[in-house]
Amino acid sequence: MFTYQIIVEYLGTNFVGWQIQKNGLSVQEVLEKVLSNFMKEKIKVIGSGRTDAGVHASEQSAHFKIKYKIIDKNIFISSVNFFLSKHSISILDIKKRPNKFHARHSANERVYKYFIINRQSPLVIEKNKAWHIKKKLDIKIMKKGAEILKGTHNFSTFRASSCQAKSPIKTMKKATIKKSKHKIILTFQSKSFLQQQVRSMVGSLKYLGEGKWSLNDFKKVFLSKKRKMCAPPAPAYGLYLAKVRY
């Protein structure tokens, strides 16, 4: 058996998420069907992690095992992408990996980005690809809030009730906010994340930027470890899985 890693880009708008589910079409299901038909054998695709319904990926990582070696990766990528094109999914790269490689368990770092468009006018080009917020946000205080999130903490406040992670303790290596004209980009980097953690952090930082919370309020909410204290999570369509490092 040969193990291959694929780097996948997708628009999550019309999917129920990464993982196969009974209630609709998932990215994993489409990839498995297309790869199985193309490779003429049953293929199981394992992703680096689950993305929720509506969440996008600019570089999701996944792996699969097959009986035969792929000779020409360019032919493979072009052929498979032909069948994926109608689903808003694209394979960017494929790499042969050792058999012990696992897209999820071997990952050392994951990077998520969240996009906000902060302007009065409605979105056209970036509709369903960024969070449109009309009220002017205070970027300086949001950056101070992001600094509080860095380091090793209990992130229970930002954890979905359905989260199955064994521990709420995570180490946030990076939490940055950058603004260019109307676009605000929030970047979070950690080995792993809790379910809805990034969207919950962004929603709470938005409360801070709007002036609904003071910096002290933000700290109290974070340290409370109580989900009910959290601001409403940011919508899924502004979130992107940007990079998985090994």
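What this report covers is the structure whose coordinates are included nearby. (Residues numbered from 1 in each chain as written. Predicted model: local features only at pLDDT ≥ 70, side-chain atom pairs only at ≥ 80, totals over all residues. Heavy atoms only, no water.)

1. Looking at the nonpolar core
So, point 1. By size, the foremost hydrophobic cluster in this structure holds 66 residues, and its most contacted members are F64, F76 and F188.
So, point 2. Membership of the second largest hydrophobic core comes to five residues, among which are F115, L123, A130 and Y240. (Core = buried A, V, L, I, M, F, W, Y, C linked by side-chain atoms within 4.5 Å. Buried < 20%, exposed > 50% of the residue type's maximum accessible area, 1.4 Å probe, protein only.)

2. Considerations on the packing of helix α1 (residues 27-39) against helix α2 (residues 73-84)
So, point 1. Contact geometry of α1 with α2 gives a least axis separation of 10 Å together with a crossing angle of 125 degrees. It follows from the interaxial angle that α1 and α2 lie oblique. For the pair α1 and α2, the crossing hand works out as right-handed. Two secondary-structure elements touch here, α1 through V30, L31, V34, L35, F38 and M39 and α2 through F76, S79, V80, F83 and L84.
So, point 2. In the contact of α1 with α2, the residues fall into 10 nonpolar, one polar and no charged. (Axes fitted to C-alpha atoms, helices over the stretch in contact; angles between N-to-C directions. Helix = DSSP H or I, 4+ residues; strand = E, 2+ residues; numbered from the N terminus. Parallel < 35°, antiparallel > 145°, perpendicular 65-115°, else oblique. Left-handed = near helix turned anticlockwise from the far one by under 90°. Contact = heavy atoms within 4.5 Å. Nonpolar A, V, L, I, M, F, W, Y, C, P; charged D, E, K, R; others polar.)

3. What to know about the layout of surface pockets
So, point 1. There is about 1200 Å³ of room inside the largest pocket.
So, point 2. Around the largest pocket, the lining is made up of 42 residues, and of these S48, G49, R50, R104 and F193 lie nearest the centre.
So, point 3. Looking at the lining of the largest pocket, the elements that each hand over two or more residues are α1, β2 (46-47), β5 (109-118), α4 (197-210) and β10 (239-245).
So, point 4. For the lining of the largest pocket, the element with the most residues is α4, which contributes three residues. (1 Å grid on protein atoms, 1.4 Å probe; cavity = no way out; pocket = protein on both sides within 12 Å on 5 of 7 lines; lining within 4 Å. Points joined across faces, edges and corners; volume = space filled by probe spheres on them.)

4. Observations concerning α4
Since one α-helical turn is 3.6 residues long, residues separated by three or four positions face the same way.
So, point 1. For α4, built from 14 residues, the straight-helix expectation of 20 Å at 1.5 Å per residue is met to within 8% by its first-to-last C-alpha distance of 20 Å.
So, point 2. Most of α4 sits out of view: 14 of its 14 residues are buried.
So, point 3. Just downstream of α4, G211 is the residue with a positive phi angle, here 90 degrees. (Expected span 1.5 Å × (residues − 1).)

5. Brief notes about the packing of aromatic side chains
So, point 1. One pass over the full model with this rule turns up 13 aromatic pairs.
So, point 2. Residues F82 and F83 carry aromatic rings whose centres are separated by 5.2 Å and whose planes lie at 85 degrees to one another, so their mutual orientation is edge-to-face.
So, point 3. Taking relative accessible area as the criterion, F82 reaches 62% and is therefore assigned exposed.
So, point 4. Chaining the aromatic ring pairs together yields one cluster made of Y4, F38, F64 and F76.
So, point 5. The positively charged end of R97 is found above the aromatic ring belonging to Y246, 5.7 Å away from the centroid. (Phe/Tyr/Trp six-rings, centres within 6.5 Å; stacked < 30°, edge-to-face > 60°. Lys NZ or Arg CZ within 6 Å of the ring centre and 35° of its normal.)

Purely geometric numbers; function is a separate question.
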